[in-house]
Amino acid sequence: MSYAAFQQRLGVVNDLLNASSVLVWDSRTVMPPGGVASRGQQIATLTVLARQALIADDTRRLVDAAERELAGEPADSPGRRAVEHTRAAIAHHARIPESLERRRAELRTQAQAAWIEARRNSDFGRFAPALTETVDLSRQLADAIGYEAHPYDALVSVFEPGETVATLDALFAALRAGLRPLLQRVAAATPPRIDFLDRDYPEDRQRAFGLRIAERFGYDLSRGRLDASAHPFEVSFTRDDVRITTAYNRRNVATALGGIMHETGHGLYEQNIDPAYTRTALATDLIGLYAVGGTSFGAHESQSRLWESRVGRSRRFWELHYPELQAAFPDSLGDVEADEFHRAFNNVQAGPIRIQADELTYDFHVMLRVEIERALVDNSLKVSDLPEAWNATMLRDLGVRVPDDRRGVLQDIHWSIGYIGSFCSYTVGNVMAAQLYDAALTRDATIAPGLQTGDYAPLRAWLTTAVHRHGRRFSRDELLLQATGKTLDPSHYIEALQRKYGELYGV
Ligand code: ZN
């Protein structure tokens, strides 16, 4: 009885956050530009209402009563975990002063407007004051949340619980040691032919092909849809409405396809969460106040990267499906072999832009951002010195000269919306994807033959059992331990890249 009342309250919190997500989807797909300011207020209002409903005194009483009712259940039962997450989230929000929350919300709108203008004119000075205050508020937030070793640890914990400066240092050192020599060998090798990527690819045919791939991976269109947006994304309003988008480029067939594969992976996670968790704490990020079933940002990214990088960019995938792509674009791909397309789709080319980066250079973009964020947070780097530090690190790590701040320090939206501490999740996702993929192939003998014939159902089913269905019941490392026998381990990822690019480039 008490537990039912608790669930009902969490259902209200989840409804408000899902409604907010619908407004976000709309703003990024079809909303006219004039709607920006009032939409920002509408989303902020729903988020505030969700927070109030969560931390209200009677919610705390419902948590206490539910906890008493479930005392006889195992500690990791869905009900007890839902209560535990809710209690932890209430404690988290109680530590953050309301004045700080309010100022962060106000600043988000101002900072985003400043960033858009700064980026348009490649004028870092226009964004610097807002960024300075964002860093200052992030430091206050870290102090409010609390930390042991480094203030950045507190900020990271909001996005990727379990990671700290110390764990990330170890992870990044392993990646640098494993990837840098490989990248140098690839850079010195003969590049693949890519001229045919820049030809005419009508969007409706790109969309039709991409949708068929999404469905083959297992994306359920009766609970999903594909739209166009400036940047690809996935968002869900419970498991019964999970939407993806991609960005089309008529002169490059690889862009939209990569986006669809990636977002399909995110979509599969949300579509396959246990239906019993709908509208509960196990399908809601109560700390970030976001209606999402995936257990961490990195765990979510592991699913997108697994389908995009390990499956969709594999040689076998293109041997199987290239004829269909070629048939859709006979004029542009008539003179291109499957093998040539596969090579072009995996072309390694260091450049200044993170979201355009290939698999081998991507993590260096992430490591740069993490390095810079923690230096800003611990005051060892001043905002005014940021463009210089950014450009120097790009040159050091990737040999890339950043042409201007628009394509350098101003390229990402994250800092303008107050997300400091989130970037590591992309690399955590890459690493986790390779680890899960190896475990899947080892633990289920039907998966490899499926991949050989284009039957992706066994892999999807394994991932649902190991990851998707649990929603937020288990932490990322609990999932990894159950599914692979160990916590995050970069060796699978490094070996996968060494194998793949060693073969592709003959190095
Ligand atoms: Zn993603």
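Before any of the text, the structure's been laid out above.
Given the structure is predicted, the values throughout are model-derived calculations rather than measurements. (Residues numbered from 1 in each chain as written. Predicted model: local features only at pLDDT ≥ 70, side-chain atom pairs only at ≥ 80, totals over all residues. Heavy atoms only, no water.)

Q: Just to check I follow, could you spell out the sheet that holds strand S3 (residues 242-246) for this structure?
A: Sheet strands pair by backbone hydrogen bonding; their relative direction is either parallel or antiparallel. Strand order in the open sheet formed by 3 strands is S1-S3-S2, with mixed pairing between adjacent strands. Here the strands that pair on one side only, and so sit at the sheet edges, are strand S1 (224-228) and strand S2 (234-236). Between one strand and the next, the sheet's axes are offset by a mean angle of 20 degrees, whatever the strand orientation. Here helix H10 (residues 253-271) sits on the sheet and contacts S1, S2 and S3; the angle it forms with S3, its principal contact strand, is near 165 degrees. (Pairing = 2+ DSSP bridges. Helix = DSSP H or I, 4+ residues; strand = E, 2+ residues; numbered from the N terminus. Axes fitted to C-alpha atoms, helices over the stretch in contact; angles between N-to-C directions. Contact = heavy atoms within 4.5 Å.)

Q: So what exactly am I meant to see when it comes to unusual backbone geometry here?
A: Note: most residues except glycine have negative phi, and most peptide bonds are trans. If you check the backbone angles, threonine 238 has positive phi at about 70 degrees while not being a glycine. With respect to the helices, strands and loops of the structure, threonine 238 is situated in the loop between S2 and S3. With relative accessibility at 23%, the residue threonine 238 sits in the partly exposed group. The backbone phi angle of asparagine 379 is positive, close to 70 degrees, even though this residue is not glycine. Turning to its location among the elements, asparagine 379 is positioned in the loop between helix H15 (362-377) and helix H16 (386-398). (Buried < 20%, exposed > 50% of the residue type's maximum accessible area, 1.4 Å probe, protein only.)

Q: Is there a simple way to think about empty space enclosed by the protein in this case?
A: Sizing a probe to match a water molecule and rolling it over the atoms shows the empty space that remains. This model, assessed by the stated rule, comprises 4 cavities of 30 Å³ or more. Roughly 110 Å³ of volume is contained in the largest cavity. Around the largest cavity sit 14 residues that line it, and Thr238, Arg239, Glu270, Ala283 and Gly293 are the ones nearest its centre. Residues belonging to the lining of the largest cavity are distributed by class as follows: 5 nonpolar, 6 polar and 3 charged. Roughly 80 Å³ of internal volume is contained in the second largest cavity. What lines the second largest cavity is Arg104, Leu107, Arg108, Ala111, Thr134, Leu137, Ser138, Ser416, Ile417 and Gly418. Of the residues forming the lining of the second largest cavity, the biggest block, 4 residues, is contributed by helix H5 (residues 98-120). (1 Å grid on protein atoms, 1.4 Å probe; cavity = no way out; pocket = protein on both sides within 12 Å on 5 of 7 lines; lining within 4 Å. Points joined across faces, edges and corners; volume = space filled by probe spheres on them. Nonpolar A, V, L, I, M, F, W, Y, C, P; charged D, E, K, R; others polar.)

Q: I tried to follow the coordination of the zinc ion on my own but got confused; where do I start?
A: When four donors bind a metal tetrahedrally, each ideal donor-metal-donor angle is 109.5 degrees, and when six bind octahedrally, the ideal angles are 90 or 180 degrees. The protein atoms that coordinate the zinc ion are His262 (NE2), His266 (NE2) and Glu301 (OE), at distances spanning 2.1 to 2.2 Å. Mapped onto the sequence, the residues coordinating the zinc ion show the spacing H-x3-H-x34-E. Here the residue histidine 266 occupies a position in helix H10, and glutamate 301 occupies one in helix H11 (residues 297-312), the gap between them amounting to 35 residues. Per residue, the accessibility class of histidine 266 equals that of glutamate 301, and both read buried. (Donors = N, O, S within 2.8 Å, 3.2 Å for Na, K, Ca; no water.)

Q: How should the packing of helix H1 (residues 2-29) against helix H3 (residues 57-69) be read in this particular structure?
A: The axes of two packed helices give the description: the angle between them and the distance between them. For the pair H1 and H3, the least separation of the axes is 8 Å and the interaxial angle reads 140 degrees. In terms of orientation, H1 lies oblique with respect to H3. For H1 against H3, the interelement crossing comes out left-handed. Along its contact with H1, which presents Ser2, Tyr3, Ala5, Phe6 and Arg9, the element H3 presents Asp58, Thr59, Leu62, Val63, Ala65, Ala66 and Glu69. Grouping the constituent residues of the contact of H1 with H3 by class yields 7 nonpolar, 2 polar and 3 charged. (Parallel < 35°, antiparallel > 145°, perpendicular 65-115°, else oblique. Left-handed = near helix turned anticlockwise from the far one by under 90°.)

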